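# Examination of the molecular architecture
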Amino acid sequence: MERSRTSFDHWLHKNNFTFRESRGRNITVQCNLCLPTIKLLSTAKDTTSNLKKHLERKHSLQFKKKLSKDEPSNSAHQVPEFGPSDTKQPKMDHTLYTSQSKLNALIFNFIVEDVHPISILEQAGFQRLIEVLSRGKTVMNRKTFVSRLDATFDKMKEELRAKLDKVQSLCTTADIWSVQDRSYFGITCHWLEDNFERKSVALACTRMYGGHTCETVIAKIQEIHSSYNIESKICSTVTDNGSNFVKAFREFLPEDEREVEEIQFDDLGKMLSEGDVGGDFFLSYFLPPHQQCAAQTLNLIASKDLADAISKEPIQRVHVSSTAKCALIWQKAHSSQMVADMVETIANIKFSDPCLTQWGSEYNFVQKIMSLTDEQLTQLIDILDVPNFVPEETAYLREYADVFKPVAFALDLLQGEQKCFLGIVIPTLLTLKRKLQEKAANKQFFSEVIDGTVEAIDSRFKQVFNSTDAKLATTTMPQFRLWWLPEGERESVRERLVAEVSQLDQGNEETDTNGISVHEDEFFSYGPGSSGNRDGKRGAAEEVRIYLEGTNKDLQCLNEFPGVKKLFIKFNTTLPSSVPVERLFSSGGNILTRKRSALTDEQFERLLLLRYNSKVCTTAFE
């Protein structure tokens, strides 16, 4: 009898039941799988059939295989017999349970990837939830989490260094973010894989003390680049048009490439004489070539230059009155939730908040208002109780929305990341100029303004239009080749492309220890096959000719032209805008909230970079 009771207790324990009480010929047990719900079951002392039915009905997925293995089908209604060796504690099926280390990893990823506060580890409700779901295991404390954060960050950084070691061409974007009376310097890094997929990672979002001076910018960029040993691999660093960034990179330009800028720079000689900067400051640092953000430059044209042009024209009066009424509509539409709901009911649209520094958001707001029918617009104005548009104002706003639609499209295009390359900048600007000029002929209000906008594009993007790298980046894109260039300029770009491919071929010819070329047989050019076509390979001129004569616009066709493909990756690694680093800061805003002031700057940076890089540095989270 004692042996039978022991066997029965083993069966209960093995199948997640806990004995509660005995009532005559029956006993009451609790099912642990039903927790946190308390499920009490009654069964006879000499049979387990009632308990098996519960398992099969409520927990069949977890225990169907286990029950069929432990209980032969012909003994379904009998207490299993245990031999002498079966009196030991039954072994637990570890596939049904989570270890403490695995639980810690899951909680860590939950906090990092889903942007939860570290303080959640100390919340009683979360602790109870984990304890029940993990069947009694505990939640790691804050100290353990921080230790794991440091170790995982170090592991991620090492993995990232190893990945960047294997990449030939890199592009970085840099910017400064001010939030909650603090400043952070952020840098992201980008490269193209052999399949043309762009990879993006964050290198730093480190605390920045003091003023945002040119010298501080130089030191930060150099420090972050050198910490990953990538200084020689960076083809360009993309930043906004802030004077501190422009001046920082300008100091490293050759003298013949320095141009007079609109921005007023401090006299470096005066700074040196007054002791503001050490005499050898700039000699101690190295910065890569600079690429100004094309998206921000176009935004300046559409906002500042456009406003300046309008202020000089007779349309200034109608511009001021119509935009003032638009602003009043936005203000009234956001005055209460009830009003916002009424606006959405009438117009079937939501008015997002215009951003003062982003012209695109203002344009979208005007475009939404002008997309309404006359009846909808009248109802909207009546509900909001704002002055109605006079016919001249309506005509002005409709023409504004039509004329600058290509500008809004170009802005969206230049702010991309995955399929956005330096090579799209020049064709985008040329197409934009053409579309604007086509609209100038028959416009009532904007004919003169369009001419000023086109001139602003030529002026502000002069460096890009003259850039050999930008021209080669465009030419190596099958979508454009040389079609975007005037006939008279195509030959010079073709010759430069041939020269670049030839240089790549020469670079592939390694020399032996005596300095003799491995392919020294090419010194002689007699007989068949001596035209530079070694082993059946095309020469650079032939490869470029066939490529430029092609019509396939698919990027994958570059696999047929290895030299051109390498140049595409080299020149189009550069992004046209610094939007990625702005997106890094946007992600950081979800972490660095006012309720999480206990985070140190180092912890914030590590949480942000681990989350941003999780798709590229996967082994760090294993």
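Here goes a summary of the coordinates provided. Please read these numbers as outputs of a predicted model, since none were measured by experiment.

### Some points on the environment of F389
In this structure, F389 sits in the loop between α14 (374-384) and α15 (391-403). Excluding its chain neighbours within four sequence positions, the residues that come into contact with F389 are S322, K325, C326, I329, I369, L377, I381, T394 and L397.

### Side note on a positive patch on the surface
On the surface, a cluster of positive charge is contributed by K39, K53, R57 and K58. Looking at the element boundaries, K53 is found in helix α2 (residues 49-58).

### What to know about helix α6 (residues 142-165)
Residues separated by three or four positions in an α-helix point in the same direction, a consequence of the helix having 3.6 residues per turn. With 24 residues, α6 extends 34 Å between its outermost C-alpha atoms, agreeing within 8% with the 34 Å of an ideal straight helix rising 1.5 Å per residue. Looking only at α6, the buried set comprises F145, V146, L149, T152, F153, M156, E159, L160 and L164. Contacts made by the buried residues of α6 are with α4 (100-113), β4 (170-179), β5 (182-192), β6 (198-207) and α25 (601-612).

### A word on the packing of helix α16 (residues 405-414) against helix α17 (residues 425-440)
At a minimum axis distance of 10 Å, the contact between α16 and α17 shows a crossing angle of 170°. Accordingly, the angle class assigned to the pair α16 and α17 is roughly antiparallel. Contacts between α16 and α17 involve P406, V407, A410, L413 and L414 from the first element and V425, T428, L432, K435, L436 and K439 from the second. Each residue belonging to the contact of α16 with α17 can be placed in one class, and the counts come to eight nonpolar, one polar and two charged.

### Thoughts on helix α23 (residues 562-572)
For α23, a buried count of eight out of 11 residues is recorded, marking the element as mostly surrounded by other parts of the structure. Along α23, the positions that sit buried rather than exposed are G563, V564, K565, L567, F568, I569, F571 and N572.

### Here's the deal with the pattern of salt bridges
Here the structure, examined in full by the defined rule, presents 21 salt bridges. In this structure, D601 and R207 form a salt bridge, with 2.9 Å as the shortest nitrogen-oxygen distance. In this pair, D601 is assigned in helix α25 and R207 in strand β6, connecting sequence segments 394 residues apart. Residue D601 is classed as buried on the basis of its relative accessible area, which comes to 14%. As a salt-bridge pair, E500 and K570 come within 3.7 Å of each other at their nearest N and O atoms. You can see E500 sitting in helix α21 (residues 487-508) and its partner K570 sitting in helix α23, a full 70 residues away along the chain. By relative accessible area, which is 37% here, K570 ends up partly exposed.

How each quantity is defined
- Residues numbered from 1 in each chain as written.
- Predicted model: local features only at pLDDT ≥ 70, side-chain atom pairs only at ≥ 80, totals over all residues.
- Heavy atoms only, no water.
- Helix = DSSP H or I, 4+ residues; strand = E, 2+ residues; numbered from the N terminus.
- Contact = heavy atoms within 4.5 Å.
- Patch = residues over 30% accessible without salt bridge, like charges linked within 9 Å, V, L, I, M, F, W, Y side chains within 5 Å.
- Areas by Shrake-Rupley, 256 points an atom, 1.4 Å probe, with all protein chains shown as cover.
- Salt bridge = Lys/Arg side-chain N within 4 Å of Asp/Glu carboxyl O.
- Lys, Arg positive; Asp, Glu negative; His and termini not counted.
- Charge placed at Lys NZ, Arg CZ, Asp CG, Glu CD.
- Expected span 1.5 Å × (residues − 1).
- Buried < 20%, exposed > 50% of the residue type's maximum accessible area, 1.4 Å probe, protein only.
- Axes fitted to C-alpha atoms, helices over the stretch in contact; angles between N-to-C directions.
- Parallel < 35°, antiparallel > 145°, perpendicular 65-115°, else oblique.
- Nonpolar A, V, L, I, M, F, W, Y, C, P; charged D, E, K, R; others polar.

The analysis is restricted to geometry; functional conclusions fall outside its scope.
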